2 protein chains.
Amino acid sequence: MAATILDVADLCGYSKATVSRAFASPDQVAEKTRQRVYEAARALNYTPDAIARAMVRGRTDNIGFVIYEKQYPVVLNPFYSPIFESVLQTCARKGYSLFISSDRDLRLPNGQTCVKKQMDGIILAGQSDAQMVMDLRRQNMPVVVLNNAIDVDDLTCVTTDQYGGALLAMRHLTERGHRKIAIIAGAFSPHVCTSRYNGYCDALREIGQTIDLRFVQTIEPTAEQATQCASMMLSLPDRPTAIFCTNDTIAVGTLKAALRAGLRIPQDVAIIGFDDSEISHLVEPELTTVRVDKAAMGCIAAEQLIAQIEGETPPKQVIQTPVELVIRQTT
Amino acid sequence: MAATILDVADLCGYSKATVSRAFASPDQVAEKTRQRVYEAARALNYTPDAIARAMVRGRTDNIGFVIYEKQYPVVLNPFYSPIFESVLQTCARKGYSLFISSDRDLRLPNGQTCVKKQMDGIILAGQSDAQMVMDLRRQNMPVVVLNNAIDVDDLTCVTTDQYGGALLAMRHLTERGHRKIAIIAGAFSPHVCTSRYNGYCDALREIGQTIDLRFVQTIEPTAEQATQCASMMLSLPDRPTAIFCTNDTIAVGTLKAALRAGLRIPQDVAIIGFDDSEISHLVEPELTTVRVDKAAMGCIAAEQLIAQIEGETPPKQVIQTPVELVIRQTT
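Here the structure is a predicted model, which is why all the values come from computation and not from measurement.

**Q** Report on the overall build of chain A, specifying residues and quantitative values.
**A** A count of helices and strands for chain A gives 11 helices and 12 strands. Buried residues in chain A amount to 58% of all 331 residues. For chain A, restricting intrachain contacts to residue pairs at least 6 apart in sequence, the fraction spanning at least 24 positions comes to 67%. Carbon and sulfur atoms provide 49% of the accessible area of chain A, an area that totals close to 13,700 Å².

**Q** Explain the pattern of salt bridges to me, using residue names and the numbers behind them.
**A** Note that side chains of opposite charge can pair when their charged atoms are close. Residues and elements named next belong to chain A. Overall, the coordinates contain 34 salt bridges over all chains when judged by the stated rule. One salt bridge connects Glu303 with Arg93, and the closest N-O pair in it is separated by 3.5 Å. Linking Glu303 in helix 11 (residues 294-309) with Arg93 in helix 5 (residues 80-94), this pair joins segments that are 210 residues apart in sequence. Residue class for Arg93 comes out exposed when judged on its relative accessible area of 57%. Between Arg171 and Glu206 there is a salt bridge, with the nearest N and O atoms lying 2.5 Å from each other. Of the two residues, Arg171 sits in helix 7 (residues 162-175) while Glu206 sits in helix 8 (residues 190-206), which places them 35 residues apart along the sequence.

**Q** Go over the environment of Tyr38(B) with me, naming the residues and quoting the values.
**A** Residue and element names in this part refer to chain B. Along the chain, Tyr38 turns up in helix 3 (residues 31-44). Considered as a pair, Tyr38 and Val192 are 154 residues apart in the sequence and their alpha carbons are 52 Å apart. Here Ala22 takes part through its backbone oxygen, which lies 2.7 Å from a polar atom of the side chain of Tyr38.

**Q** Any details on the sheet that holds strand 7 (residues 216-219) of chain B? Residues and values, ideally.
**A** Residues and elements named next belong to chain B. Strands sit in the order 7-6-8-9 across an open sheet of four strands; the sheet is parallel. Each edge of the open sheet is held by one strand with a lone partner, namely strand 7 and strand 9 (270-272). Looking at each pair of strands side by side, their axes are set apart by 15° on average, direction ignored. Here strand 6 (residues 181-186) pairs with strand 7 via four bridges, running parallel. Note that in strand 7 the partner of Gly186 across the bridge is Ile219. Running at roughly 160° to strand 7, helix 9 (residues 223-234) makes contact with strand 6, strand 7 and strand 8 (242-245) of the sheet. Across the face of the sheet, helix 10 (residues 248-260) comes into contact with strand 6, strand 7, strand 8 and strand 9 while running at roughly 165° to strand 9.

**Q** Which residues make up helix 8 of chain A, and what values go with them?
**A** Helix length check: helix 8 of chain A, at 17 residues, gives a terminal C-alpha distance of 24 Å against a target of 24 Å (1.5 Å per residue), a fit within 8%. Here helix 8 of chain A has its buried residues at His191(A), Val192(A), Ser195(A), Arg196(A), Gly199(A), Tyr200(A), Cys201(A), Ala203(A) and Leu204(A).

**Q** I'd like to hear about the packing of aromatic side chains, residue by residue, with values.
**A** Residues and elements named next belong to chain A. Summed over all chains, the structure comprises eight aromatic pairs over all chains. Measuring from ring centre to ring centre gives 5.0 Å for Phe65 and Phe84, while their planes differ by 75°; the resulting arrangement is edge-to-face. On the criterion of sequence distance, the pair formed by Phe65 in strand 1 (residues 62-67) and Phe84 in helix 5 is long-range, its members being 19 residues apart. Aromatic side chains Tyr197 and Tyr200 sit 5.9 Å apart centroid to centroid with 25° between the ring planes, which places their arrangement in the stacked category. Remark: Tyr200 and Tyr197 occur in helix 8; sequence separation between them is three residues, near one turn of the helix. Looking at Tyr197, the relative accessible area reads 29%, which means it is partly exposed.

**Q** Which residues make up helix 1 (residues 5-12) of chain B, and what values do they have?
**A** Residues and elements named next belong to chain B. Among all positions in helix 1, only Ile5, Val8, Ala9 and Cys12 are buried. The buried residues of helix 1 occupy an angular sector of 100° when the element is viewed end-on, so they sit on one face. Of the residues in helix 1, the exposed ones pointing more than 90 degrees away from the buried face are Leu6, Asp10 and Leu11.

**Q** Help me get a handle on the packing of helix 5 (residues 80-94) of chain B against helix 11 (residues 294-309) of chain B, residues and values and all.
**A** All names here are of chain B. Packing of helix 5 against helix 11 leaves a shortest axis separation of 7 Å and a crossing angle of 40°. Between helix 5 and helix 11, the crossing angle belongs to the class labelled oblique. By crossing handedness, the relation of helix 5 to helix 11 is classed as right-handed. Here Pro82, Ile83, Ser86, Val87, Thr90, Cys91, Arg93 and Lys94 of helix 5 lie close against helix 11, whose contacting residues are Lys294, Ala295, Met297, Gly298, Cys299, Ala302, Glu303 and Ile306. The class makeup of the residues in the contact of helix 5 with helix 11 is nine nonpolar, three polar and four charged.

**Q** If you had to explain the packing of helix 1 of chain B against helix 2 (residues 16-24) of chain B to someone new, which residues and values would you point to?
**A** Residue and element names in this part refer to chain B. At their nearest, the axes of helix 1 and helix 2 sit 9 Å apart, and the two run at 105° to each other. With respect to each other, helix 1 and helix 2 are oriented roughly perpendicular. Contacts between helix 1 and helix 2 pair Ile5, Leu6, Val8, Ala9 and Cys12 from the former with Lys16, Val19 and Ser20 from the latter. Its residues assigned to classes, the contact of helix 1 with helix 2 shows six nonpolar, one polar and one charged.

**Q** Before we move on, can you summarise the side chain of Thr331(B) with the specific residues and values?
**A** All names here are of chain B. Structurally, the position occupied by Thr331 is in the segment after strand 12 (323-326). At a separation of 2.8 Å, a polar atom in the side chain of Thr331 contacts the side chain of His172. Sequence-distant contacts of Thr331, that is, excluding residues within four places in its chain, are made with His172, Leu173, Arg176, Pro266, Ala270, Ile271, Ile272 and Thr288.

Thresholds, definitions, all that
- Numbers given for residues are sequential positions, taken from 1 along each chain in its written order.
- Chain letters and ligand numbers both follow the written order, the letters beginning at A and the numbers at 1.
- Local features in this predicted model are restricted to residues whose pLDDT is 70 or higher, and side-chain atom pairs enter the listing and the counts only when it is 80 or higher, whereas totals over whole chains, interfaces and linings include all residues.
- Neither water nor hydrogens contribute to the side-chain values; these are computed over all heavy atoms in the structure.
- The helix and strand labels rest on DSSP assignments: H or I over at least four residues marks a helix, E over at least two residues marks a strand, and numbering proceeds from the N terminus.
- Only protein chains enter the accessibility calculation, which uses a 1.4 Å probe. A residue is then buried if its area is under 20% of the maximum for its type, exposed if over 50%, and partly exposed in between.
- What makes two residues a contact is simply this: any of their non-hydrogen atoms within 4.5 Å.
- The method behind every accessible area is Shrake-Rupley, applied with a 1.4 Å probe, and residues are considered shielded solely by the protein chains displayed.
- The working definition used for a salt bridge is a side-chain nitrogen of Lys or Arg within 4 Å of a carboxyl oxygen of Asp or Glu.
- Within 3.5 Å is the distance limit for a polar contact, defined as a pair of N or O atoms, with the added protein rule that one can donate a hydrogen and the other accept it, and that residues adjacent in sequence qualify only through two side-chain atoms.
- Strand pairing is defined by DSSP finding a minimum of two bridges between the two strands.
- Each axis is a line fitted through C-alpha atoms, taken for helices only over the stretch in contact, and angles between the N-to-C directions span 0 to 180 degrees.
- For a helix, the expected span equals 1.5 Å multiplied by the number of residues minus one.
- Paired rings are identified among Phe, Tyr and Trp, the last through its six-membered ring, by centres lying within 6.5 Å, and are further divided according to the angle between planes into stacked (under 30 degrees), edge-to-face (over 60) and tilted (the rest).
- Here the arc refers to the set of directions running from the helix axis out to each C-beta atom.
- By definition in this entry, angles of less than 35 degrees are roughly parallel, angles greater than 145 are roughly antiparallel, angles of 65 to 115 are roughly perpendicular, and the rest are oblique.
- For any helix crossing, the convention is left-handed if the near helix is rotated counterclockwise from the far helix by under a right angle, and right-handed if that rotation is clockwise.
- Three residue categories are used. Nonpolar comprises Ala, Val, Leu, Ile, Met, Phe, Trp, Tyr, Cys and Pro, charged comprises Asp, Glu, Lys and Arg, and polar comprises the others, including Gly.

Spelled out as structure tokens, the structure:
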């Protein structure tokens, strides 16, 4: 039979409470005491029972990272993966473990939102809605929303300056003299899509340019779709001289189309991306893009959530991480 | 005060056991009964307590994906991320959630290996050792090892045909007439490094070619290091006519060096990668590489582990997923 905490206490001569503390909060127990507890534990092959400990404490030290099912795969998504990585690192530093799941895992068979797993708080990434936030709140589950902005009291949303980033990209192109600028937009969540498209429109308005609808295309954000879409645009007799791609995967696909058409970049066509994903400096020529501080987004979301778990009440706030233009070789 | 399961049972007129089953195993409860239970639950705003339920069942339906700390970041690692994604999908399909952590999370302050978290089994990815596997076993924790081969009884290891893949790549180059073939090898775990290097050596031996040590370089597997290393090799007066890169990130860095040196690919220098990561078909020209079935690796590891959790005893086995040559534009 497995050794219990009482067996360890008997063997080392300390109380059950001390043995428990030696494992749960080692820094609160004197070095010498700890060593004797550990020796006894090792001799008896005792280890603390994680489930029982969570039950007693009413805390699990777990955080859920929940992503909207349609945005899977999260891990292979070049935008979400560095955010997730940063959440992971922040949690590790603060002593929390990370669960990863989709919104489907939060639904009961009756459609009700329910936390079926052992977690102390949830980061809702991407598309989510006020109803889900309210349902989680009713279960006393702290929530932070990531890469979206939802209008609910006392809710913290962490996003980036979507509109400002698009404006930066577009002004960079108009300053270089471009007038016929196309947009290839990924079909992202309305929050992201609308803000980036508004930046495109407003920058054209600034230079008195009307919007040419042949130059506005929305696609599924894959490199293949982008190559196809850009090939068509670039074969128009009055083709655009620059293309604003609303993420770097689209920009990479567009770059392929331009290279295959034998166009010189940026002389014949300039290309600008968004996000500053890993891929942007792996391709040749390297992409000009708008840097989104994905590490900061993940870190802020995790820290805000942990503060709530540990008792703080957040104000209603939308935290926007700043963006930055990164000029490389495609503009 | 929060509603309990007894309150729900009172309101809907069914027993506590039926209410419990309606949430835990909905398919074992008649549709009409379930609906009445859910209505009562909704009216009372009752949801099952995850921690308490795990305590009663002695099962958590959680799986831990543990990666060797030095191989972080896991999520941004182009080799591990699709494996992780596949583990995630397989777990979701089988009703398990996934924890992600590093080997550090499994160590007690006294250095002992200990599962501090609520999980039913563990996938140990990358570098790990027999001691850790034995320690986990003593805690009755099922383990599967991924991308490594460890010699322990009844242990399932899931890896790929590292040696065969290297041989495939090299024979492809020698068949195209190459004799001066360099290797730029990433400093991976010994299991991966040694097998891929042996494939390189044996293929050269097959054509009676001796190994030129100027053409053998080991680097940290980043694109930057690869570009630097390849630039040096390609500036030698008797430069290699082909370079075998032991992963695609290295191959992408090597491709950059060749393009910047104004060399034609593959006429002046051929480049071959390993893994068939996402990046291999995003760059232009697209990379010839060795496809590793990362989805299969993740799926097999998860399924093997779940079988163990659900009571099967595995044989001692090393499962090698097959590899395949993917010829694109760089050879």
